[in-house]
Amino acid sequence: MSIVLCADIGTSSLKAALITDSGMPAAFSRQMFLRHYTHHAAQEWLPALHDAAGELASQAEPTARSIDAICISGNGPTLVAADGRTLLWNAPAPQQPPLTAEAAPSLYIPRLLAFKELFPASWDSSALIMSGPEYLIWQLCGSAVTILPEKRYAAAYWSGGALAAAGLGGTESKLAPFVPPATKAGGLSEAAAHVLQHNGLHIPAGTPVYCGAPDFISALVGTNTLHPGAVCDRAGSSEGLNLCTALPASAQGLRTLPSPCENLWNASFLLPESGTRFSAVKQKAERLCGRQLAFAAFVRSCMESGGSNPVFAEGWQLMRRTAAQIAGGMDALAAAAEATGTPRPCSITVTGGQAANDDWNQMKADATGMDIVVPVCRDSELLGDAVFAGCGAGEYKSFAEGAERLFRAAKTFRPGTDSTRTIPARGDPA
């Protein structure tokens with residue numbers, strides 16, 4: 001396999017890339033949604049992939065325009081009916097009565113109950129209620145599946161007994177069967193090939209369409225956070241530090257979930273809405289100075305001001321607090337590593353929009369005392385998709401082998417390499 005068209009569905013945009021068999025992105029596109037946060041969001045996903053295909057074709061060299069496979073990932077637990085009616089994972093929903101003990105672990109059952117209440121006509125008329133990226137996979141190849149990241153996640157999805165206990169008996173017939181990531185869902189249909197083909201990419205009908213995973217899982221694979229002691233920092237509107245552990249970690253402030261790799265676990269330290277808060281402070285600074293500011297320019301201005309410039313003082317203070325929280329999070333994860341017999345982490349791989357900012361990466365290195373590694377494919381969900389496609393095609397025996405072969409580091413930021421920067425000490429919240 002030489003070129004995989006990888007796509008990840010976010011809340012406000014679709015990201016896509018052409019990934020080569022050496023792990024290099026040959027082209028990248030991000031298509032913003034106009035209907036995000038609405039109940040029609042999923043209706044934009046296929047048109048967004050169409051537009052992305054055109055942009056990818058315009059960027060890629062001719063040798064990279066012949067597509068060998070497609071892989072789709074995305075956020076969850078978003079629900080979509082066959083008519084495109086959408087309940088996004090973070091959309092407000094009616095309050096539901098407490099679930100029984102059997103149904104309580106499920107993330108999906110409360111959303112299914114909400115969907116049924118909000119959209120009774122779609123619920124009654126639709127033979128399928130799909131989750132997240134599975135809707136786009138269904139549009140591409142006509143196969144209905146539910147991607148289960150790993151068998152230990154089953155309780156977080158549903159079972160016949162859990163559905164019945166929640167008053168959703170019979171609903172299982174509307175839900176597609178579970179399949180693991182890297183499953184070949186089917187071949188690209190003639191209609192879908194026509195949608196994508198005319199943009200200059202060679203994507204014939206029958207091109208294999210593989211299942212990715214929820215974006216969190218795809219990012220762990222794409223950052224190669226699949227061996228004990230590996231850490232990634234997944235930064236966007238919120239931020240999560242993730243440590244692969246040999247055993248489940250149990251500590252206050254950490255969330256433990258199964259790793260995509262059997263017998264391994266993932267301990268997370270979460271910074272809710274860290275990116276959202278920073279964006280709000282940036283907008284406030286733009287109003288004060290009367291002009292728009294590029295993200296990199298704003299970060300640099302905050303750091304250079306050191307809090308002395310009133311326009312950038314709030315941004316500087318927020319950066320210091322966030323850096324201190326990240327340092328504290330890494331301390332908590334280091335303790336979890338010791339408690340679970342996991343090698344102590346020595347570096348952090350960053351992914352997401354903030355990974356593109358050198359100043360912010362250096363500040364993280366200085367705050368944590370650890371190397372910060374920036375991957376070549378900064379949107380690591382897309383590289384994770386390439387790994388899944390390779391596994392599905394039989395090129396790799398495991399996700400860990402595929403990630404090891406495809407992951408590439410672009411830059412490494414080491415602590416203390418710029419003595420002019422002032423950074424918060426560990427535990428200093430301000």
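Scroll up a little and you will see the structure.
Position labels on residues start from 1 in each chain and follow its written sequence. Totals for whole chains, interfaces and linings use all residues, but because this is a predicted model, local features are given only for residues with pLDDT of at least 70 and pairs of side-chain atoms are given and counted only at 80 or more. Hydrogens and water are ignored here; the side-chain numbers use all heavy atoms of the structure.

Time to look at the sheet that holds strand β10 (residues 184-187). Spatially, the 6 strands line up as an open sheet ordered β3-β2-β1-β4-β11-β10, and their pairing is mixed. Whereas interior strands pair on both sides, the edge strands pair on one side only; in this sheet they are β3 (25-32) and β10. Recorded for the sheet is a direction-independent mean angle of 20 degrees between the axes of neighbouring strands. Between any two strands, pairing holds if DSSP finds at least two bridges. Secondary structure elements are defined from DSSP: runs of H or I of at least 4 residues count as helices, runs of E of at least 2 residues count as strands, and each element is numbered from the N terminus. Every axis in this analysis is a line fitted to C-alpha atoms, fitted for helices over the stretch in contact. Angles between the N-to-C directions lie between 0 and 180 degrees.

Attention shifts here to the nonpolar core. As used in this record, nonpolar core signifies buried Ala, Val, Leu, Ile, Met, Phe, Trp, Tyr and Cys residues forming a set joined through side-chain atoms within 4.5 Å. Note on classification: 1.4 Å probe, protein chains only; a residue is buried when its accessible area is under 20% of the maximum for its type, exposed when over 50%, partly exposed between these limits. Counting residues in each nonpolar core, the largest one holds 58 residues, and the members touching the most others are Ile109, Leu112, Phe115, Ile129 and Phe388. The dominant element in this core, judged by the number of residues it contributes, is helix α12 (residues 380-392), at 7 residues. Between two residues, a contact is recorded if the distance between any of their heavy atoms is within 4.5 Å. Sequence-distant contacts of Phe115, that is, excluding residues within four places in its chain, are made with Leu79, Ala81, Arg85, Thr86, Leu87, Pro120, Ser122, Trp123 and Ile129. Ranked by size, the runner-up nonpolar core spans 43 residues in total, among them Ala52, Ile67, Val80 and Leu196.

The next point concerns the packing of aromatic side chains. Side-chain rings of Phe, Tyr and Trp, where Trp is taken by its six-membered ring, are said to pair if the distance between their centres is within 6.5 Å; with planes under 30 degrees apart they count as stacked, over 60 as edge-to-face, and otherwise as tilted. Summed over all chains, the structure comprises 13 aromatic pairs. Aromatic pair Phe115 and Phe119: ring centres 5.0 Å apart, planes at 75 degrees, arrangement edge-to-face. Pair check on accessibility: Phe115 and Phe119 agree, each one buried. One aromatic cluster is present, formed by Tyr108, Tyr157, Trp158 and Phe178 through successive ring pairs. Any Lys NZ or Arg CZ that is within 6 Å of a ring centre and within 35 degrees of that ring's normal is treated as a charge sitting over the ring. Above the plane of the ring of Trp265 lies Arg152, whose end atom (NZ or CZ) is 4.6 Å from the centre. Its guanidinium or amino end placed over the ring of Trp123, Lys174 lies 5.7 Å from that ring's centre, counting from NZ or CZ.

The span you would expect from a helix comes to 1.5 Å times its residue count less one. In this model helix α8 (residues 274-289) runs 23 Å from its N-terminal to its C-terminal C-alpha over 16 residues, within 8% of the 22 Å that 1.5 Å per residue would give. Turning to α8, its buried residues are Ser274, Gly275, Phe278, Val281, Lys282, Ala285 and Glu286. One face of α8 carries all of its buried residues, which in axial projection span an arc of 145 degrees. Next to the buried residues of α8 lie β13 (239-245), β15 (265-271), α9 (295-305) and α10 (310-339). Among the residues trailing α8, Gly290 stands out with phi positive, at a value near 75 degrees. Picture the helix axis, draw a direction to every C-beta atom, and the arc is the one those directions span.

Let's shift gears to unusual backbone geometry. One non-glycine residue, Ala182, adopts positive backbone phi at about 85 degrees. Here Ala182 is to be found in the loop between β9 (178-179) and β10. Owing to a relative accessible area of 12%, Ala182 belongs among the buried residues under this scheme. One non-glycine residue, Asn263, lies in the positive phi region at around 75 degrees. On the secondary structure map, Asn263 appears in the loop between β14 (255-258) and β15.

Before going further, it helps to spend a moment on the sheet that holds strand β17 (residues 371-375). Ordered in space as β14-β15-β13-β12-β16-β17-β18, the 7 strands form an open sheet in which the pairing is mixed. The sheet is open, and its two edges are formed by β14 and β18 (409-413), each paired on a single side. This sheet shows a mean twist of 25 degrees between the axes of neighbouring strands, independent of strand direction. Summarising the sheet, strand β12 (residues 231-235) and strand β16 (residues 347-352) pair through 4 bridges and their orientation is parallel. Bridge assignment links Arg234 to a residue of β16, and that residue is Thr351.

Turning to the environment of Val221, a few remarks are in order. Here Val221 is to be found in helix α7 (residues 215-222). Residue Val221 is classed as buried on the basis of its relative accessible area of 0%. Those residues within four positions of Val221 in sequence are excluded, and the remaining contacts are Leu226, Pro260, Gly384, Val387, Phe388 and Ala403.

This part takes up the pairing of strand β1 (residues 3-9). Judged by how many residues are buried, β1 sits mostly within the fold: 7 of 7 residues are covered. Of the strand pairs in this sheet, β1 and strand β2 (residues 13-20) are connected by 7 bridges, and their pairing is antiparallel. Bridge pairing in β2 places Val4 opposite Ile19. A loop of 3 residues connects β1 with β2, the two strands running antiparallel in sequence. As paired strands, β1 and strand β4 (residues 69-74) are joined by 6 bridges and run parallel to one another. Opposite Ala7, over in β4, you have Ile72 as the bridge partner.

Let us look at the environment of Ala323. Structurally, the position occupied by Ala323 is in helix α10. Residue classification places Ala323 among the buried positions, given a relative accessible area of 1%. When the C-alpha atoms of Ala323 and Met363 are compared, they prove to be 7.2 Å apart, with 40 residues separating the residues in sequence.

Tracing the backbone through its elements, the reader meets Arg30 in strand β3. When its relative accessible area of 46% is taken as the criterion, Arg30 is described as partly exposed. Remark: the alpha-carbon pair of Arg30 and Leu56, spanning 26 residues in sequence, is separated by 9.8 Å. Not counting chain neighbours up to four residues away, the residues in contact with Arg30 comprise Ser12, Ser13, Leu14, Lys15 and Glu55. The term polar contact refers here to a pair of N or O atoms within 3.5 Å; inside protein, the definition further demands a hydrogen-donor-capable atom paired with an acceptor-capable atom, and it admits residues adjacent in sequence only when both atoms are side-chain atoms. Polar contacts involving the side chain of Arg30 include one to the side chain of Ser13, which spans 2.9 Å.

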